[in-house]
Each structure stands twice: as C-alpha cells, then as structure tokens.
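Geometric and topological summary
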Amino acid sequence: QLQNKILILTICAAGIGGTFQYGYNISIINAPASYIQAFMNTTWLERTGAPLESNVILLLWSFTVSAYPLGGLTGAVVAGPMAIMLGRKMSLLLNNVFVIIAAALSGFSRMAKSFEMIMLSRFFTGINAGVSMNIQPMYLAESAPKKLRGAVALTSASFTALGLVLGQVVGLRELLGGEESWPFLLASNVVPALIQLTALPWFPESPRYLLIDRGDKESCISALQKLRGTSDLSAELEEMLAEQAAVKGQRAKNPWELFQNPSLRWQLVSIVVLSSAMQLCGNDSMYFYAAYVFQEAGIPRDKIPYVVIGTGSCELITSVTCNMIIDYAGRRPLLLGGYIFMAGWAIVFMVALSQQTQISWMPYLSMACIFAYILSFGIGPAGVTGVLPTEVFDQMSRPAAYMICGSLLWFNLFLVGTAFPFIVKSLAHFCYIPFLVVCVCTALYVGFFLPETKGKSFLEISEEFKKRNFKTKTRAGFYKGPEEIKTTTL
C-alpha cells in the first residue's frame, strides 16, 4: 500500500508543475482578454499621445495569444535534449524556471506600463508547457509497472483537464478575473511551480533512464524499490536488462534519424497521424464556440462563464474515467470510439448550427453537441495520444519521438488558432467539415493500422512493429546478427 502511495504522490508531484500548467495557462488568458486589450490601448496612448486603431489592438492581442504555442514549440524542441542530458526528473524541476520568469513578467507588466512584458511572459509560459507535455508522460510511463503503465501515463491528460477547469474557476470575476486583479491572475501560475519545486525532489528518477541511459544499476534498483517496495523486482529488472542489451552501443537518436530508419516507419506514421489529429480534430475550437452557443440558448451573458466551466469539467470527468479503464479496455478501442463519436457529433452540430434561428430547440441541441464532443475527445484521443510514443518507441528513440510529437502538437495548435476564424468566415455553419474529415480519417487509420499495446512489454511492442515494418522484406539485407541466424533454414 505504501508503495502505491509513493507512485501516486510521484504522479501528483510531476503533474502539478507539469501538464497542469498547460491546461491552466490556456484557460487563464480568456477571462482578462478585454482588460488586457484596454491596457494595451491606454499604454500606447500614454506613450505616443494617440490611441491604437481597433484592428491594431486585435493584431497585438493575436500576437499575445500566439506567443504561447510558439513558446510551446520551442519547449517541445528543447525537451528531447533536456530529457537525455539532465534526466526526466531534473528536466521537470528546471522547467519551473521558465514559469517563474513568466510570472514575474506578467505580474509587474501593469506597474512597468509594458504590454510587451505580457507577450514575453506568454512565450516563457509556452516553453514550460512544451517541455512538460513531452517529459511528464515519458517520466511517468517509465516509472510505472507494466500493468498500470497506461493509467499512470494518462494522468498527464487528467492534470491538463484539471488545470483547464481551475483556470476557468480562478478567472471568474469574483476571484482574479476582475479589472484590478488580472496581473495577479496571469502570475498565479507560479503557485503550481513552487509546489513542484518543493515536492518532486523527494521522489525517484525514472528507473529505466537510470539503467538504460546512465548504466547505473544500483540507482535503478533503489528507485524501483522506492516505487515498488519489497515485492519481487527480478522480472521487471530482467525486462529492463533485456531492453538495455537490445540498445547496447546505441546513443540517443535525433528526430531526423527516426525518419531515416526503416525499422521505425509505422511507429513514426502512427504518432504523426495521432499527434496531428489531436489538435486538428476541432476540440479546442468547441471552446471557441461555447460562449456563442450558450448565448443563443438564452443563457444570460453574465452567467456564461459558469456554464463554460461545465465544458472544462466534462473533459476532466472523462479523462479520469479513461484513466480507470485504459488498462482494461486497451488503447485502440478508446481511440477508435473517441474519433467515431466525434465525427458523429460534428455532423449533428453543423445541422444544429444551420437551423439555430429556424427551430426554437436547436440551440439546446448545439449545447448538447458541445458537451458530447468534448466528452468523446476526453474518453480517448485526449489521453491515449500522449501515452503511445512511450510505448511504441525504445529508450533511445523515445525523447526524439516526443520532440516530433510535441512539435506537431504545438504547430497544429497554432495553425488551428490562426485558421479557425477564417474557416468560420468562409464556411459559416459548416465550419466543422475539415474537423469531420480529420476524425473520419484518423478513425480509419486506427482501425486498420494501429496494433494494441495494452499489457505488453516495450520489447514485445517493438517486435510487433518490426513484423509490420519488414513485412515484405525478407532479404538478407536486414541481417541483424546471430539471433536471426538461428531461424534461417539453409
């Protein structure tokens, strides 16, 4: 029991300063939007004596918002080298420096009469989120026992959803979302960072990293004992030593080496498809629509922020549910079900939007669609996507795989954020057609090409992909040494 407690506490210590920050920082920027825009205008007026035009304010605001995914992209790129050189735990701890800088910049921005500080602060916050989105699932999946690996790595998604909801709550007018308190709201992300800096040093580094990357068997055994207690560690240690032997003499790979390696082809295609689909499926755009749909449904404008908290809570509830069932249901059914349901709800949502003004009960159907869409996303794609790179790549390829995953995630977040207003303008009520196509194509890919990884060791998963990658190639060109000679018939 104590050991389970240590694993749970490790998860919490990693999560609170990790992916929690990603969700929290996405949602705290929404509440003070109008106040920050007014601040930009008054600051400019004081500096130059002339007010800003409304389209310039909008441009400055979009710079502020897009600084976050830009920072995230930077964070995703530096996360790989950080994880290799500093280790998983140390990287998470150092990552808090970015948030502390960001909190100082945004907290003092009004005092310094500088809106540029807010933009810079969002960039640093993005770097922090980019690093933690890559390293936290890697750290947790490598520290978890095989039978709990999916559930433990999936807590990253639960912490993101928790951050999202807490950000929405703290951003309410009654708390820190008022005109006077918005600098404190933007600087409040320093609290989770300080909690992590106090808690995480007490917990062990990833045992896999210690053994396979560092070759430090003693530290690995002591980390395993902390995490698993006195239970028999021989089977788990044997599996790790087998993986260590399999990658012996190799060094950590760079992202471009993964693209050149034919033995990683299907793994790479799988994570590229799923990481891109996670942002291109339109879930974040549902939040964009939420306020408009709720208004149409007759909810008073001042009550809308409270209903929007309901949408965030939906994602939190489903990601916690997904946590409980992932190691029973498996990865494929959750992904497949999630994307199929999302495709269905996208169709209903577009029909409901187009009939919004004609039929009196349609706004309520749109409202139900928003909740259903977010629930479908939370049950599968939201969490499982982050678990897969850990499972389908070996220890030497994993950091590079997460760099590719993270870069795609942030680039597509930026792409959707920039393109969505134009999609709405040109397609009006049918703006969900591109997202519908993405959901259908991803569901087909998962259905036909993605193997199940539930309950398998990392080596077994590698073997399964090896069969796929070399299905048609039995030529002698792929000679791998004595292991294969045994099975060659002369």
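Because the structure is a prediction, the values reported are computed rather than measured. (Residues numbered from 1 in each chain as written. Predicted model: local features only at pLDDT ≥ 70, side-chain atom pairs only at ≥ 80, totals over all residues. Heavy atoms only, no water.)

1. Section: the overall build of the protein
Defined as follows: Helix and strand assignments come from DSSP, with helices taken as H or I runs of at least 4 residues and strands as E runs of at least 2, each series counted from the N terminus. The reference for a compact globule is 2.2 Å times residues^0.38; the radius of gyration itself is calculated from the C-alpha atoms. Each residue is assigned to one of three classes by its accessible area relative to the maximum for its type, calculated with a 1.4 Å probe on protein chains only: buried under 20%, partly exposed between the two thresholds, exposed over 50%. It only takes one pair of heavy atoms within 4.5 Å for two residues to be counted as in contact.
Helix and strand counts for the protein stand at 23 helices and 0 strands. Here the C-alpha atoms of the protein give a radius of gyration of 24 Å, agreeing with the 23 Å that 2.2 N^0.38 yields for 490 residues. Projected onto the principal axes, the alpha-carbon positions of the protein cover approximately 80 × 50 × 45 Å. The buried share of the protein, taken over its 490 residues, is 54%. Within the protein, contacts between residues at least 6 apart in sequence are counted, and of these 82% link residues at least 24 apart.

2. Some points on helix H11 (residues 217-228)
Where we set the bar: By this rule the span expected of a helix is its residue count minus one, scaled by 1.5 Å. Comment: arc refers to directions from the helix axis out to C-beta atoms.
In this model, H11 (12 residues) spans 16 Å end to end at C-alpha, consistent with the 16 Å of a helix rising 1.5 Å per residue. Among the residues of H11, Cys220, Ala223, Leu224, Leu227 and Arg228 are the ones counted as buried. Buried residues of H11, viewed axially, fall in a sector of 115°; they line one side. Within two residues after H11, Gly229 carries a phi angle of roughly 80°, on the positive side.

3. Structural notes on the nonpolar core
How we decide: Nonpolar cores are built from buried Ala, Val, Leu, Ile, Met, Phe, Trp, Tyr and Cys residues. Side-chain atoms within 4.5 Å join them into one set. Throughout, the edges of the domains are those of an automatic or database domain assignment.
In this structure, Tyr339, Trp410 and Tyr432 are the most contacted members of the largest nonpolar core, which totals 71 residues. Broken down by element, this core gets its largest block of residues, 10 residues, from helix H20 (residues 398-427). Taken together, domain 1 (1-203) and domain 2 (257-469) each give at least three residues to this core, which thus spans both. In this structure, Tyr339 is in contact with Leu274, Ala277, Met278, Cys281, Pro381, Cys439, Thr442 and Ala443, ignoring residues within four places of it in sequence.

4. Considerations on the domain arrangement of the protein
Under the convention used in this document: In this description, buried area is defined as the sum, over both parts, of the accessible area (probe of 1.4 Å) that is lost when the two are combined. For this analysis, a salt bridge means a side-chain nitrogen from Lys or Arg found within 4 Å of a carboxyl oxygen belonging to Asp or Glu. Pairs of N or O atoms are called polar contacts if they sit within 3.5 Å, as long as, within protein, a hydrogen donor faces a hydrogen acceptor (for residues adjacent in sequence, only side-chain-to-side-chain pairs).
On domain assignment, one finds that the protein holds domain 1 (1-203) and domain 2 (257-469). Computed over C-alpha atoms only, the centres of domain 1 and domain 2 are separated by 21 Å. The interface is formed by 41 residues belonging to domain 1 together with 44 residues belonging to domain 2. Both sides together, the interface formed by domain 1 and domain 2 hides about 3300 Å², and carbon and sulfur atoms give 68% of it. Looking only at domain 1, the three residues that lose the most surface to domain 2 are Arg149, Leu154 and Gln168, adding up to 18% of its buried area. Counting the contacts that link domain 1 with domain 2 gives 2 salt bridges. Applying the counting criterion to the domain 1 and domain 2 interface returns 9 residue pairs in polar contact (both at pLDDT 80 or more).

5. Examining the pattern of salt bridges
Enumeration according to the criterion identifies 14 salt bridges in this entry. Where Arg47 meets Glu116, a salt bridge forms, and the shortest distance between an N and an O atom there is 2.9 Å. With Arg47 in helix H3 (residues 33-48) and Glu116 in helix H6 (residues 116-143), this pair connects stretches of sequence that are 69 residues apart. Glu116 gets classed as partly exposed once you look at its relative accessible area, which sits at 35%. When the shortest N-O distance is used, the salt bridge between Arg208 and Glu239 registers 3.2 Å. Remark: Glu239 occurs in helix H12 (residues 234-246) and Arg208 occurs in helix H10 (residues 207-213); sequence separation between them is 31 residues. The class for Arg208 is buried, based on a relative accessible area of 4%. Through salt bridges that share partners, Arg88, Glu142, Arg208, Glu239, Glu243 and Arg398 make up one connected network.

6. Notes on the packing of helix H17 (residues 331-354) against helix H19 (residues 381-392)
What counts here: Think of each axis as a best-fit line through the C-alpha atoms, taken over the contacting stretch in the case of a helix, with angles from 0 to 180 degrees between the N-to-C directions. Handedness of a crossing follows from how the near helix is turned relative to the far one, being left-handed for an anticlockwise turn of less than a right angle and right-handed for a clockwise one. Under the convention adopted here, Pro, Cys and the residues Ala, Val, Leu, Ile, Met, Phe, Trp and Tyr are nonpolar, Asp, Glu, Lys and Arg are charged, and Gly plus all remaining residues are polar.
At a minimum axis distance of 9 Å, the contact between H17 and H19 shows a crossing angle of 140°. For the pair H17 and H19, the crossing hand works out as left-handed. Between H17 and H19, the residues in contact are Arg331, Leu334, Leu335, Gly338, Tyr339 and Met342 and Pro381, Val384, Thr385, Leu388 and Glu391, respectively. Along the lines of polarity and charge, the residues of the contact of H17 with H19 split into 7 nonpolar, 2 polar and 2 charged.

7. Observations regarding the packing of aromatic side chains
As a reminder, the rule being used: Only centres within 6.5 Å qualify two rings of Phe, Tyr or Trp (six-membered ring in Trp) as a pair; their planes then separate them into stacked at under 30 degrees, edge-to-face at over 60, and tilted for everything else. Criterion for a charge above a ring: Lys NZ or Arg CZ within 6 Å of the ring centre, and within 35 degrees of the ring normal.
A complete count under the given rule lists 11 aromatic pairs for this structure. Between the aromatic rings of Tyr22 and Trp410, the centroid separation amounts to 5.4 Å while the plane-to-plane angle is 80°, which identifies the pairing as edge-to-face. With Tyr22 in helix H2 (residues 19-28) and Trp410 in helix H20, this pair connects stretches of sequence that are 388 residues apart. Assessed through its relative accessible area of 7%, Tyr22 is described here as buried. Plain terms: the ring middles of Tyr373 and Tyr432 are 5.6 Å apart, the flat faces sit at 90° to each other, and that makes the pair edge-to-face. Here the residue Tyr373 occupies a position in helix H18 (residues 362-379), and Tyr432 occupies one in the loop between H20 and helix H21 (433-449), the gap between them amounting to 59 residues. Members of the aromatic cluster, joined through ring pairs, are Phe349, Tyr373, Tyr432 and Phe435. In this structure, Arg122 packs its charged tip against the face of Tyr68, placed 4.6 Å from the ring centre.

8. Comments concerning the environment of Pro333
Assignment of secondary structure puts Pro333 in helix H17. The spacing of Pro333 and Gly380 is 47 residues in sequence and 8.2 Å in space, taken between C-alpha atoms.

9. Examining a nonpolar patch on the surface
To keep things clear, this is the line we draw: Like-charged residues are merged into a patch within 9 Å and nonpolar side chains (Val, Leu, Ile, Met, Phe, Trp, Tyr) within 5 Å, provided each residue has over 30% relative accessible area and no salt bridge. Where accessible areas are quoted, they stem from the Shrake-Rupley method and a 1.4 Å probe; at the residue level, only the protein chains shown are allowed to cover.
A surface patch of nonpolar side chains, amounting to about 510 Å² of accessible area, comprises Met85, Leu86, Met90, Leu94, Val97 and Ile101. At 4 residues, the largest contribution of residues to the nonpolar patch is made by helix H5 (residues 88-107). Relative to the helices and strands, Met90 is located in helix H5.

10. Digging into H6
Note the cut-off: Note that bend, as reported per residue, equals the angle between axes fitted to the 7 residues terminating at that residue and the 7 residues originating from it.
For H6, which comprises 28 residues, the first-to-last C-alpha distance of 40 Å matches the rise-based estimate of 40 Å (1.5 Å per residue) to within 8%. A maximum bend of about 25° is found in H6 at Ser132. Counting buried residues in H6 gives 24 out of 28 residues, a clear majority hidden from the surface.

11. Remarks on unusual backbone geometry
For Lys113, which is not glycine, the phi torsion reads 50° and is therefore positive. Note that Lys113 resides in the loop between H5 and H6. The class for Lys113 is partly exposed, based on a relative accessible area of 45%.

12. Digging into the confidence of the model for the protein
The criterion, for reference: A residue's pLDDT is the confidence the predictor assigns to it, expressed on a 0 to 100 scale.
Mean pLDDT over the protein stands at 87; residues scoring 70 or higher make up 95%. In the predicted structure, residues 474-490 sits below a pLDDT of 50 and forms 5 contacts with residues beyond four places in sequence or in another chain.

13. Here's the deal with the state of the cysteines
Every disulfide links exactly two cysteines, by a covalent bond between their sulfur atoms. For the record, the criterion: Note on terminology: disulfide denotes any pair of cysteine sulfur atoms within 2.5 Å.
For the structure shown, the criterion picks out 0 disulfides. Free of any disulfide, Cys322 has its nearest neighbouring cysteine sulfur in Cys281, separated by 14 Å.

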